[in-house]
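# Fold and geometry: a report
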Amino acid sequence: MTENYTQPRTLFQKIWDDHVIHTDDNGTSLIWIDRHLVHEVTSPQAFEGLRMANRKVYHLEGTLAVCDHNVPTTSDRGEGIKEEESRIQVETLYQNCADFSVKLFDMMDKRQGIVHIIGPEQGFTQPGMTIVCGDSHTSTHGAFGALAFGIGTSEVEHVLATQTLIQKPAKTMRITVNGTLPDGVTAKDMILAIIGEIGTAGGTGYVLEYAGEAVQSLSMEGRMTMCNMSIEAGARAGLIAPDQTTFDYIKDRPMAPKDGAEFDKAVKYWKTLKSDKGATYDKEVILDAKDIAPTVTWGTTPEDVMPITGSVPAPSDFDDEAKQQSVTRMLDYMGLAAGTRLQDITLDKIFIGSCTNGRIEDLRAVAAVVAGKKIAENIKLAMIVPGSGLVKEQAEQEGIADILMKAGFDWREPGCSMCLGMNPDQLEPGERCASTSNRNFEGRQGRGGRTHLMSPAMAAAAAITGKLTDIREL
Amino acid sequence: MEKFTKLTGIAAPLRMINVDTDIIIPKQFLKTVKRTGLGVSAFYNIRYNEDGSAKEDFSLNKTAYQKASILITGENFGCGSSREHAPWAILDMGFKCIIAPSFADIFYNNSFKNGILPIELPQDQVDQLMQSAEDNPEATIEIDLENQKITRGNEMSFDFDIDPFRKHCLMNGLDDIGLTLEKKAHIAEFETSDKQKRSWLYE
């Protein structure tokens, strides 16, 4: 490993170079993994593999487990998980963590929450790290300037056993958003607009680096929202160069470097984690923040986005024959007629939460919109699922929970919940939901369920009016 | 892992683009703690009616394709989540090879880990294979991994690309963890130098 680099390097290349253990002649590298987050759904078969081969977890300090996908979000969860398969999966995680001495936040731990919320919250996530998890939204952690990506269960086992992965370097794409975001437009709108621009497979094979004034001026929460959805553009990872906002967020968190000399040493290193002047990317995309409006999805892939002022498109609006067929299918599934104004679409349910938008800033944004108002009568259920026990506690202390409950929202316990509906929180067939989550796939939130993705403020506005609504006009 | 060298089998068409992992294996089947047994639940929502009966218009339900071992489908196959349950389900259904114009990254990677060969071909070649699988279901396709060739009788023959390391692992049924553990000394060396450089991570 040489420290003398003569060519300007991108942020991705710097992190990559600092983690390469060995490169074979065929260009395949073995890379070190700093952090491994583990949850109940994608780990049981990996632990079983370790057991069968009589292997241990290689690096316990770099491994943290939590249950999030299956956990009920109702207040009676202290009584245990009623659904048998979910209970078995969570209990299997508990048993595996006990057997292999892995640190675990169990369901009743205040620090429990969605895996991608708790990593940053605990200071487990830090700049310049390689971070993996058996979950595609691991890209979230890229907001800290960490190379973070989702892996399958075979690779979960590989990381547990060796703390390494066999990889080839990705291509790089810089996405620059210049200027300032207009009022009512958030990080969520920005990332939805980007996915609309490059497509749901546009990022395949790339690591996306987000840059530009509109990105740099985001809070850590906003940056996490953006990086979280990198996978929805097909990219395994998103990156944002760390800066003072990042360092301030990390300082004093329980698993961050201890304040003092160690923290200063870390910051000194973190400050080197930005793309060098003159570094080249395999692809560049440039957007202007002023062109981005509050954005919602109308179809069943995250690239099917439209400004809220728009209308549902027709299959004939697309050139590609396969996409036309796909749009016909989507409109049928979504129960939408081409030409319908988005703001005329009425809703049944509202879901606010997920690793995309389940952080304190998101809940504050919802509270700001619904304070003193009531959810519309046609809304059967509006649920707010905080991303973690600590987010929930903070929202209660700030009075946000009261505001939301007075407006008619269900205030839940933390977990993945209706983002994917592995627990009882699901849509019924045909139900239409404004959701702050990340996927609008067929059946994602429940068989036959219809999902429109949007920002927390937009979902809050929709809760008040009962239909898709332009937050700027509420 | 089972070795993959040559495969001769019936090809089944799935004429859809952006087939996501929620379509391949819906959430309710992710609660298993095993790798096997997911085949019957693969493509559940588009394969079965509400009452559990098979949907007649779903291509993979057709009698002709019940013994198919090759799946031919549209671009960006396997997009969405990292669930390895998706390739497990497809393998358990009997497919050992998937041909598409493009794959989502994690799914592509996960497939190799389970002895499935995902092949990327140009759109027009996929279109030809898809059409012939629909028109003439009983004709078999031969996949020759060593020579990186797909042939269908005398009518079609296409070359395909594959990463040499992945090909090597697949042809020899190699276990990644075993390969990595052979590099133990390199890992230890890395850790020693990294502890100097980023000491705060090893407090």
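Refer to the structure above for everything that follows.
Let me begin by describing the structure that accompanies this report. Bear in mind that the values here come from a model prediction, so they are computed numbers and not experimental data.

We now examine a negative patch on the surface. On the surface, a cluster of negative charge is contributed by D319(A), D320(A), E321(A), E75(B), D124(B) and D127(B). Within the fold, D127(B) resides in helix α5 (residues 123–135). Taking the relative accessible area as the measure of exposure, D127(B) reaches 35% and is therefore partly exposed.

What follows deals with the environment of M16(B). Relative to the assigned elements, M16(B) resides in the loop between β1 (6–14) and α1 (21–24). Linking M16(B) and L38(B), residues 22 residues apart in sequence, is a C-alpha distance of 21 Å. Dropping the residues within four chain positions of it, M16(B) is found in contact with R329(A), I23(B), I46(B), T73(B) and G74(B).

The next subject is the packing of aromatic side chains. Counted by the stated rule, this structure contains 16 aromatic pairs over all chains. Each ring, one from F12(A) and one from W16(A), has its centre 6.0 Å from the other, and the planes form 35 degrees; the classification is tilted. Pair noted here: F12(A) and W16(A) are both in helix α1 (residues 11–17), with a separation of 4 residues, about one helical turn. Overall, F12(A) belongs to the buried group, its relative accessible area being 5%. Judged by its relative accessible area of 9%, W16(A) is buried. Grouping aromatic residues by their ring pairs yields a cluster made of F77(B), F103(B), F107(B), Y108(B) and F112(B). Lying across the ring of F124(A), R35(A) places its NZ or CZ 4.6 Å from the centre. The ring of F318(A) carries the charged tip of K323(A) above its face, separated from the ring centre by 5.8 Å.

Here we come to the interface of chain A and chain B. Listed as interface residues are 78 residues of chain A and, on the opposing side, 58 residues of chain B. Taken together, the two surfaces of chain A and chain B that pack against each other cover about 5,700 Å², and 55% of this comes from carbon and sulfur. At the boundary of chain A with chain B, the tally comes to 10 salt bridges. Between K197(B) and D18(A) there is a salt bridge, with its nearest N and O atoms 2.8 Å apart. Our count for the chain A to chain B interface comes out at 36 residue pairs in polar contact (both at pLDDT 80 or more). At the level of elements, β1 (20–23), β2 (29–32), α2 (44–52), α3 (84–100), α5 (153–162), β8 (164–167), α10 (261–270) and α11 (321–334) of chain A are the ones that each hand at least two residues to the side of chain A that touches chain B.

About the criteria used
Residues numbered from 1 in each chain as written. Chains lettered and ligands numbered in written order. Predicted model: local features only at pLDDT ≥ 70, side-chain atom pairs only at ≥ 80, totals over all residues. Heavy atoms only, no water. Patch = residues over 30% accessible without salt bridge, like charges linked within 9 Å, V, L, I, M, F, W, Y side chains within 5 Å. Areas by Shrake-Rupley, 256 points an atom, 1.4 Å probe, with all protein chains shown as cover. Salt bridge = Lys/Arg side-chain N within 4 Å of Asp/Glu carboxyl O. Lys, Arg positive; Asp, Glu negative; His and termini not counted. Charge placed at Lys NZ, Arg CZ, Asp CG, Glu CD. Helix = DSSP H or I, 4+ residues; strand = E, 2+ residues; numbered from the N terminus. Buried < 20%, exposed > 50% of the residue type's maximum accessible area, 1.4 Å probe, protein only. Contact = heavy atoms within 4.5 Å. Phe/Tyr/Trp six-rings, centres within 6.5 Å; stacked < 30°, edge-to-face > 60°. Lys NZ or Arg CZ within 6 Å of the ring centre and 35° of its normal. Buried area = accessible area lost by both parts, 1.4 Å probe. Polar contact = N/O pair within 3.5 Å; in protein donor to acceptor, adjacent residues only side chain to side chain.

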